[in-house]
Every structure is written in structure tokens, then in C-alpha cells.
Amino acid sequence: MSRERIALVLGSGGVRSAAALGIAEVLSEAGLAPDLVVGCSSGALFGACLAMGWSGRESLAAATRLWTAELTGQKRWRAYLELVAPKLTGFGAEFALRDARLIRERIERAFGDTKFSDLRIPLRIAATEAASGQAFVFDRGRVADAVRASMAVPFLFPSVEIDGRRFTDGVTSDPLPVSLAADAQLVLSVGFRGALPRRVDRATRLVAQVTTTMINNLQLARVRAAEAAGARMLHFDLDIDRRIGLWETAAMPRIFDVGCRAAREQLPAIRRILDLTLAA
């Protein structure tokens, strides 16, 4: 069975994952367009744009229209009552601080009824089954459903029901799903370690410290496991200003340019690895 030549794996990282669109643009210009795209969380959104057959710049334009500042600002005021009086207000597994209707509307508008089988480039999306906590891979069905599921950040957004099962953000089970590209000759990964809070002076920062530590260690473990299994990998270490927030959508064009620069610098290494693979 023939193997895909190049897989581009987009991990979680909020708007910073838009760097992968710049990387894809440069790869295409060099005749090294990815043959497989894998995405998780925000990486699922950007990866789906590329899998549609849109160029890196076209994907950036689409993502900029789709992911605007108000997308994460749709508050559910009832959520605060649910936190204070859970029994009276019916607190449950679908709890969310934000209203996801606008996100659903935007994603549906972008991808419509496109199915995985309709895509120009094969796509795999990592999510988490809410009830079991197990990692789950979407590679069939509606693309819009899979993207919404992979981006459903627990506590912030509600889980997404698909075929009677509920799914949440892939970051909790596989933040950089390089293992889903194990059948590629070369895996190019774009992932980010979360920054720990500088001070822990409130409950939310303590939670952030714990969850970020767990996600960072899980990401590292996944990468090391793939390397131990013999995967040929090249990870993009991107020089992105840490002051860029996870939801700072206005920064996406700037992040795109960072990805372009990084890809140009790595082109010789990518070609060298592919030559070695062909010679093996």
C-alpha cells in the first residue's frame, strides 16, 4: 500500500495554529503540498480549510471571516446561576459558559454539508468522546460536525452530539495528534506548549496551571511515542510573541507570516528528509 508523502499535523494553540496556513502556502509554492492533513481543536478548523483545497492565503481569508472576536464572547448568563445553584438550575454535562450558536452558524456556513469523502486532501480530526474520555478520530461524515466537536473546549463551550454520542475538544486526549499521520513518509507538526501563569493568585490561574501542565506533558508524550515508533518528523518551532492570546483573532495575518518564514527556512531540511526516505 502506498504511503502519503507529506502529512501536516495541526495541533491545538488557538489562533497561533494559523501559522500552519503560512507553512502550507510555502510548501505548495515549492511543490511540496501536503498529501494528508490532521487537525485538533483550532488546528481542526485551519486544517479543514486546507483540506477543502483552498490555498494557505484562501484559508486565512476564510478563517478570518469565520473566527472573529465576538465568536468567544457570546456569554450564557444562566451559566452563572447553574454554577451557584446547580441542583435548582439543572447543571449537567452540557454546561457551558458561552453560547455556541454563533460558532455553529459560522462553521456551517464555511463547510456546509461537505463530507470527508468530498475533500480535495484527506483529513483526520482528533476529538474526545465526552462520556469515556477516550480519543476519537473523525475521518468520515460531515466535516462541519467534526470541526465543531474538536473545538468544543470543555466548560467554555458545550459538547457536540453526533450520532448519539457527545464529543469535546481533542486537546484533552491528543493535543498534537502526530500518531494519526503514522502512515506518511514525513510528518510536519505545528503545535504549541501552553504558557503557565506567572503568578498563581486566584483560583482560575491555579486551574490554568494544572491543566496547561497536563496538556503540555501529554503533547510531549505523544510526540516521543511517535518518534520511538520510527516516524520521520519535523516540528516547526515558531517565533511567535507570547503576548498573542489564544483568541486574539486580529493577530492571524501576522501569525500566517511567521509560518511562511519558518517554512522557507525549513525547506532544505524537508527536501533532505524526503530524499533520505526515497533512498531507504
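Residues numbered from 1 in each chain as written. Predicted model: local features only at pLDDT ≥ 70, side-chain atom pairs only at ≥ 80, totals over all residues. Heavy atoms only, no water.

A. The arrangement of the overall build of the chain in detail. Secondary structure assignment for the chain yields nine helices and eight strands. Here the chain has a C-alpha radius of gyration of 19 Å; the compact-globule value for 280 residues is 19 Å, and the two agree. Projecting the C-alpha coordinates of the chain onto the three principal axes gives extents of approximately 65 × 45 × 35 Å. Buried positions account for 50% of the 280 residues belonging to the chain. Residue pairs at least 24 apart in sequence account for 75% of intrachain contacts in the chain once pairs closer than 6 positions are excluded. Carbon and sulfur atoms make up 52% of the accessible area of the chain, which amounts to about 14000 Å² in all. Across the chain, the mean location of the 37 positive side-chain charges is 5 Å away from that of the 30 negative side-chain charges. (Helix = DSSP H or I, 4+ residues; strand = E, 2+ residues; numbered from the N terminus. Rg over C-alpha atoms; globule rule 2.2 N^0.38 Å. Buried < 20%, exposed > 50% of the residue type's maximum accessible area, 1.4 Å probe, protein only. Contact = heavy atoms within 4.5 Å. Areas by Shrake-Rupley, 256 points an atom, 1.4 Å probe, with all protein chains shown as cover. Lys, Arg positive; Asp, Glu negative; His and termini not counted. Charge placed at Lys NZ, Arg CZ, Asp CG, Glu CD.)

B. Local environment of the environment of T277. Locating T277 in the fold gives a position in helix 9 (residues 252-279). With a relative accessible area of 14%, T277 lands in the buried category. Each C-alpha atom of the pair T277 and M214 lies 34 Å from the other, and the pair is 63 residues apart in sequence.

C. Inspection of the pattern of salt bridges at higher detail. Counting across every chain of the model gives 19 salt bridges. Ionic pairing is found between R106 and E70, a salt bridge with its closest N-O pair at 2.8 Å. Of the two residues, R106 is situated in helix 6 (residues 101-111) and E70 in the loop between helix 3 (56-66) and helix 4 (78-84); the sequence distance between them amounts to 36 residues. Owing to a relative accessible area of 38%, E70 belongs among the partly exposed residues under this scheme. Because the salt bridges share partners, they merge into one network encompassing E108, D113, R142, D145 and R148. (Salt bridge = Lys/Arg side-chain N within 4 Å of Asp/Glu carboxyl O.)

D. Just a nonpolar patch on the surface, in detail. Together, W77, Y80, L83, V84, F91 and F155 make up a nonpolar patch on the protein surface, roughly 680 Å² of accessible area in all. Residue placement: V84 occurs in helix 4. For V84, a relative accessible area of 71% corresponds to the exposed category. (Patch = residues over 30% accessible without salt bridge, like charges linked within 9 Å, V, L, I, M, F, W, Y side chains within 5 Å.)

E. How the structure looks around the packing of aromatic side chains. Counting across every chain of the model gives nine aromatic pairs. Taking 4.9 Å as the distance between ring centres and 65° as the angle between the ring planes, the aromatic pair formed by F136 and F138 counts as edge-to-face. Taken together, the ring pairs connect F46, W67 and W247 into an aromatic cluster. (Phe/Tyr/Trp six-rings, centres within 6.5 Å; stacked < 30°, edge-to-face > 60°.)

F. Quick look at the environment of R106. Exposure remark for R106: the relative accessible area of 12% places this residue in the buried category. Counting along the chain gives 43 residues from R106 to A63, while the straight-line C-alpha distance between them is 9.9 Å.

G. Spotlight on the layout of surface pockets. Within this model, the second largest pocket holds a volume of roughly 440 Å³. What lines the second largest pocket is a set of 20 residues, and nearest its centre among them are G191, F192, R193, H235 and D237. Of all elements in the fold, only helix 8 (203-228) and strand 8 (233-235) reach the threshold of two or more residues within the lining of the second largest pocket. With five residues, the single largest contributor to the lining of the second largest pocket is helix 8. The residue inventory of the lining of the second largest pocket, partitioned by class, reads 10 nonpolar, four polar and six charged. (1 Å grid on protein atoms, 1.4 Å probe; cavity = no way out; pocket = protein on both sides within 12 Å on 5 of 7 lines; lining within 4 Å. Points joined across faces, edges and corners; volume = space filled by probe spheres on them. Nonpolar A, V, L, I, M, F, W, Y, C, P; charged D, E, K, R; others polar.)

H. Seen up close, the packing of helix 6 against helix 7 (residues 143-150). With their axes 9 Å apart at the nearest point, helix 6 and helix 7 run at an angle of 145° to one another. Considering how the two elements wind past one another, helix 6 and helix 7 form a crossing that is right-handed. Contacts from R104, I107, E108 and F111 in helix 6 reach V143, A144, D145, V147 and R148 in helix 7. Among the residues forming the contact of helix 6 with helix 7, the class breakdown is five nonpolar, no polar and four charged. (Axes fitted to C-alpha atoms, helices over the stretch in contact; angles between N-to-C directions. Left-handed = near helix turned anticlockwise from the far one by under 90°.)

I. Here's a closer look at the confidence of the model for the chain. Per-residue confidence for the chain gives a mean pLDDT of 90, with 97% of residues at or over 70. Element-level mean pLDDT values for the chain span from 84 in helix 4 up to 98 in strand 3 (residues 123-129). (pLDDT = per-residue confidence, 0-100.)

J. Local environment of helix 7. Counting buried positions over the eight residues of helix 7 gives eight, a clear majority of the element. Inspection of helix 7 places V143, A144, D145, A146, V147, R148, A149 and S150 among the buried residues, and these make up the whole buried set.

K. Up close: unusual backbone geometry. Here S41, not a glycine, exhibits a phi torsion of approximately 60°, which is positive. Tracing the backbone shows S41 in the loop between strand 2 (36-40) and helix 2 (42-51). Its identity is not glycine, yet D163 carries a phi of approximately 50°, on the positive side. By the element assignment, D163 lies in the loop between strand 5 (160-162) and strand 6 (165-169).

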